[in-house]
Amino acid sequence: MEPFTTRPSPQLVGGPGSLAELPSCVRKSGGQNVLLVTDQGVAAAGHTERAAALLEDAGIACAVYDGTSENPEESDILAAMEFARRVGPDCFVGLGGGSSMDTAKGCNFLLTNGGAMSDYKGYGAARTPLLPFIGIPTTAGTGSECQSYAVISRDRSHEKMACGDPSALATYAILDPDLTASMPHRVAVLTALDALAHSLETAVSTRRNSFSSAYSREAFLHISSAIEPVLRGEASAIERNGMLMGSAFAGLAIENSMLGAAHASANPLTASCGLAHGHAVALMLPHVIGLNQEVPEARETYAHYGTLLSSCQGADCGVRAWVEHLLTVADLSPLAQCGVDPGLLAELAEDATRQWTGQFNPRSMKREDFAVLYENAFDGAATQDT
Ligand SMILES: [Fe+2]
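Below is a summary of the structure that appears in this document. Keep in mind the model is a prediction, meaning the values are calculated, not measured.

1. Some words on the sheet that holds strand β5 (residues 122-123)
Then, in step 1: Spatially, the three strands line up as an open sheet ordered β5-β8-β7, and their pairing is mixed. At either end of the open sheet lies a strand with only one pairing partner, and these are β5 and β7 (149-153).
Then, in step 2: Alignment of β5 against strand β8 (residues 160-164), held across two bridges, turns out to be parallel. Bridge pairing links tyrosine 123 to glycine 164 in β8.

Structure below.
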């Protein structure tokens, strides 16, 4: 029984068609002049135009920045900030995946507090409260709408920095499942696997507490009942909504309990080898579960989660076996076929030890442990059921 303090949640507005609540959320946040941060894919799907029209029809000024890049870097945030400086918004809206929401948050830091993103690495470095921010996910994976962190990569090294502040948390998060219908299949697959990893990593993190564990468990229940149809490209509207709820619950869990070694080992694969975040996390996850089983509390949690699975649909149940079954369904390329040079594994392991998120893994992780994880993932090592 460790002491803990929970962190607040945004006000959550959800359900089909709930994007229509955006003007009301902006008004209640005190905004009259919005900078809507998004990307070109979301704009092409028509969501940006619809959100902007809703605001304009309600008499709220709206400027659109659609230059968000995947895995935004410091220079991407500076470019968005230059745009924001010309607009002079009193409220940010992030519409898209984690990259759009994190770009909006990063831009909010720099516009209100100046300096560089690296000045805000960690938590609570903003001297002036940030402007109100509203998060609207169009993917079901990152849970960024429920987190007070912007994940921004350094230019050149691509090292991910988690930049957090209490005032970076969204005032409102709008969870409209109609918006996730436009996701390309590969994006739906990778974001779903990322959300699954969030629910499982937060469930065993050393920072977990009774409240974060409730978020993790609820996330896992939603995600586990919806993920297989998503991976098969056969998700119903109810299953897409389940993934969106699960992703948001997992975001709340991260906000309260952090992540673990699957994210710590995935980040160097993204930075050095260009693997998409969800792909890298998914490949590492079963191996991390295997290692974490050495810790009795983690083993118990995995065993409990195994009992929550209504059906393993072909897999011999146990959380690790089920995750591996999902990877087969998702048809992800294994690490050995992703252009990762086996000679790089030692360097990747060194990098993984520097990832902030790894310190919350239930089993303490040294360079040699990460090296074993990579070797197992690289060879597709035989698994043990949990
Ligand atoms: Fe993630």
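Anyway, onward from the coordinates.
2. Quick word on the pairing of strand β9 (residues 172-175)
Then, in step 1: In β9, alternate side chains face the same way, and those of Tyr172 and Ile174 on one face and Ala173 and Leu175 on the other are all buried.
Then, in step 2: Sheet analysis places strand β6 (residues 133-137) next to β9, joined by two bridges and oriented parallel. Looking across to β9, one finds that glycine 135 is bridged to alanine 173.

3. Thoughts on the nonpolar core
Then, in step 1: Core analysis: the biggest nonpolar cluster contains 72 residues, and Ile227, Leu269 and Val340 have the highest contact counts within it.
Then, in step 2: In terms of residue count, helix α6 (residues 185-204) provides more of this core than any other element does, 11 residues in total.
Then, in step 3: If we ignore the near neighbours within four places in the chain, the residues touching leucine 269 are Gly274, Leu275, Ala280, Met284, Leu335, Val340, Leu348 and Tyr374.
Then, in step 4: Met81, Leu110, Ala126 and Ala168 belong to the second-largest nonpolar core, a separate cluster that totals 25 residues.

4. Points about the pattern of salt bridges
Then, in step 1: What the rule picks out here adds up to 12 salt bridges.
Then, in step 2: Its salt-bridge partner being lysine 121, residue glutamate 159 comes within 3.1 Å of it at the nearest N-O pair. Residue glutamate 159 is located in the loop between β7 and β8, and its partner lysine 121 is located in the loop between α5 (98-113) and β5; the two are separated by 38 residues in the primary sequence.
Then, in step 3: Given the relative accessible area of 43%, lysine 121 is considered partly exposed.
Then, in step 4: Among the salt bridges present, the one from arginine 363 reaches glutamate 294, with a minimum N-O distance of 2.6 Å. A residue pair is termed long-range when its members are at least 10 positions apart, and arginine 363 in the loop between α13 (345-353) and α14 (367-379) and glutamate 294 in the loop between α10 (277-292) and α11 (296-308) qualify at 69 residues.

Parameters and conventions
Residues numbered from 1 in each chain as written. Predicted model: local features only at pLDDT ≥ 70, side-chain atom pairs only at ≥ 80, totals over all residues. Heavy atoms only, no water. Pairing = 2+ DSSP bridges. Helix = DSSP H or I, 4+ residues; strand = E, 2+ residues; numbered from the N terminus. Buried < 20%, exposed > 50% of the residue type's maximum accessible area, 1.4 Å probe, protein only. Core = buried A, V, L, I, M, F, W, Y, C linked by side-chain atoms within 4.5 Å. Contact = heavy atoms within 4.5 Å. Salt bridge = Lys/Arg side-chain N within 4 Å of Asp/Glu carboxyl O.

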